[in-house]
Amino acid sequence: MSDTATGDKVGGHRPLVEVHSIDYIPMAERHGKARDQFTLWFASDAELATLAVGLIGITLGLSLPWTLVAAFVGLGFGTFFMAFHSVQGPRMGIPQMLQSRPQFGYYGALLPQAIAVLLFVGFNVFNTIIAATALHAVISIAVPVTVVIAALGGLLFAYGGYDWIHFIQRWGTYIFVVLGGVFTVGVLFTVHLPAVTGGGLGRFMLTPFLVVFVAAAAYQISSAPYVSDYSRYLDRKVTARQCFLWTYAGAMVGAFWMIALGGLLLAAHPTAQTVSVVGIAGNHILSGFGSVILVLGFLMLLGTVALNMYSGSEALLAMVDTVKRVKPRLIFRVSTVLLITVLATAGALALPANFLTAYSNFLTILLYFLIPWTAVNLVDFYLVRRGRYAVMEIFKVNGIYGRWQWRGLWAYALGFCLMIPFMSTAVFTGPVANALHGADLSVFVGLPVAAGFYYLFSRDLEIIQEHILADSNAQELEELRAEPDTGFGSAPGS
């Protein structure tokens, strides 16, 4: 990496392969800059899978201007919540889903952890198939083969770990800004859009507008269960403002760029598919440029695939740790990364033909399950405990956080249940959503309800003992070290 590491090194260098898993990261091993969050989340969102979100509104008959407005507002809303999770990484130094134990309890946290594992596997189903389709369009190898190639490429970086993922995302950002910038400017000059009916922004349609809004918000909120996985090596002195703003800016710019581009391309080519429309547009700019952009899209998706494999491994290890204590060894992280890879690859090979419909429903359903969790988690961190946790107790089944925490579980359940009448999917439409002709307002219910109930339930929570423990075991935390069971060398880019 470009930033200078501090502390534990072997031969003056960081380990070639990350040796930590779900254990605490001591301050001596913290490294990197807050601005690394910009490149990581920019590259994670500036990829072909995000392009598909921009296609949703156009396919539902929403005008391009209103699609862009809905996407921008939805992204702004969803990114706000996911970016706040970034601050938790340097403050706590442990993976995101382990941080659910203080709110839900040692065993209660299995609920959001299981949802997170499904999230990571599900996103990689879509990411892998889009990457495979892009590669197939360039080299004409059978899609099942390119699916395996994409999975193996992501697996390589997930195996390397935290620094490897930051490395590929940093360079992916640099390359995308150049080639993606040329592509975007070329599209603006060569695309021929149909006239907007209704004047101005076009005719406003509430239901498609809300579908795009919810899809864009879900796309960002669905990152919440793993945001702090990629900031937990930062120094604790990094300010909350730095973490939040760099994460917000990277995710917002990368996602809106691609969603806007997706809407623009489909508005000009309404019968084209996600990948083919990129190739067509690129070749209109310059013969063969479409293939260059598709290769770029494939490479960008490798970073995102790796990111989901890595965080899927962390969430799965958190679940396993609940049953049997997991030691911070490379073999455990690699085993769970392989399992996540196998599950996602199998799903990619069996993906249904109706891609856009399945993708929209997938995002919406994820949002339903994640909204009450992110509300409870953020209220606990910022308003209840104010970022002070006895981290050692999080790893104890009989610690001060208990086996089950009724406050988090009840707030989550109430938030989710009260969302049901407002839900609108192809599988189920609640009575309120039905009365609104399918308009989905559940996000405006789940967040404040779960957050409000958790804050209300926590008003009598005694945290003085917790703060005493947090201060007393600080030194013990710093003495923790992983036991490496692999070779060492310099990390990529050191």
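Sequence positions are assigned chain by chain, starting from 1 and proceeding in written order. Note on the predicted model: pLDDT of at least 70 is required for a residue's local features to be given, and 80 or more for side-chain atom pairs to be given and counted; whole-chain, interface and lining totals, by contrast, use all residues. Hydrogen atoms and water are omitted, and side-chain values are computed over all heavy atoms in the structure.

Counting its regular elements, the chain contains 20 helices and zero strands. Per-residue burial for the chain yields a buried fraction of 60% across its 494 residues. Whether two residues are in contact is decided by their heavy atoms, any of which lying within 4.5 Å being enough. A separation threshold of at least 6 residues defines the contact pool for the chain, and within that pool the share at least 24 residues apart is 86%. Only the protein chains shown count as covering a residue, and every accessible area follows the Shrake-Rupley method with a 1.4 Å probe. Accessible surface, the chain: about 18700 Å² in total, of which carbon and sulfur atoms supply 69%. Secondary structure follows DSSP: runs of H or I at least 4 residues long count as helices, runs of E at least 2 residues long count as strands, and numbering of each begins at the N terminus. Each residue is assigned to one of three classes by its accessible area relative to the maximum for its type, calculated with a 1.4 Å probe on protein chains only: buried under 20%, partly exposed between the two thresholds, exposed over 50%.

Three- or four-residue spacings in an α-helix give side chains the same orientation, since the helix completes a turn every 3.6 residues. The end-to-end C-alpha separation of helix H8 (residues 162-190) is 40 Å, in line with the 42 Å expected for 29 residues at 1.5 Å each. Maximal helix bending in H8 amounts to about 30°, located at Phe176. Expected span of a helix: the number of residues minus one, times 1.5 Å. Take the seven residues that end at a residue and the seven that start at it, fit an axis to each, and the angle between those axes is the bend at that residue.

Trp41, Ile94, Phe183, Val187, Tyr230, Leu265 and Val278 are the most contacted members of the largest nonpolar core, which has 151 residues in total. For this core, the element with the highest residue contribution is helix H12 (residues 289-323), accounting for 17 residues. Each residue touching Ile94, except ones within four places of it in the same chain, is listed here: Asp23, Tyr24, Gln99, Ser228, Arg232, Val391, Ile394 and Phe395. Residues grouped as a nonpolar core are buried Ala, Val, Leu, Ile, Met, Phe, Trp, Tyr and Cys residues, joined through side-chain atoms within 4.5 Å.

Pairing of aromatic rings covers Phe, Tyr and Trp, the last counted by its six-membered ring, and requires centre-to-centre distances within 6.5 Å; plane angles under 30 degrees mean stacked, over 60 mean edge-to-face, and any other angle means tilted. Inspection of every chain in the model, using the stated rule, returns 37 aromatic pairs. Centre to centre, the rings of Phe120 and Tyr226 are 4.7 Å apart; their planes meet at 75°, and the pair counts as edge-to-face. Placement of the pair is Phe120 in helix H6 (residues 110-139) and Tyr226 in the loop between helix H9 (206-221) and helix H10 (240-268), with a sequence separation of 106 residues. As far as the burial class goes, Phe120 and Tyr226 line up, both buried. Between Phe381 and Tyr389, the aromatic rings sit 6.1 Å apart at their centres with planes inclined by 15°, giving stacked as the arrangement. A single burial state applies to Phe381 and to Tyr389, both of which are buried. Among the aromatic residues, ring-to-ring pairing joins Phe77, Phe80, Phe81, Phe84, Phe213, Phe244, Tyr248, Phe381, Tyr382, Tyr389 and Phe444 into one connected group.

Right, let's get into helix H18 (residues 443-457). Between its first and last C-alpha, H18 extends 21 Å over 15 residues, near the 21 Å set by a 1.5 Å rise per residue. When we look at burial in H18, the residues that qualify are Val443, Val445, Gly446, Leu447, Val449, Ala450, Ala451, Tyr454 and Phe457.

For the rest of this paragraph, the subject is the side chain of Glu47. Structurally, Glu47 is set in the loop between helix H1 (36-45) and helix H2 (48-59). Lys and Arg are tallied as positive, Asp and Glu as negative. Neither His nor the chain termini are counted. Only one rule defines a salt bridge in this text: a Lys or Arg side-chain nitrogen within 4 Å of an Asp or Glu carboxyl oxygen. No salt bridge is formed by the buried Glu47. Its closest oppositely charged neighbour is Arg170, at 18 Å. Not counting the four nearest positions on each side in its chain, Glu47 is found in contact with Asn127, Tyr219, Met258, Met300, Leu301 and Thr304.

The next subject is unusual backbone geometry. Phi is positive for Ser140, close to 60°, though the residue is something other than glycine. By secondary structure assignment, the location of Ser140 is in the loop between H6 and helix H7 (143-160). The phi dihedral of Arg386 falls on the positive side, at around 50°, and the residue is not glycine. Structurally, Arg386 is set in the loop between helix H14 (355-384) and helix H15 (391-394).

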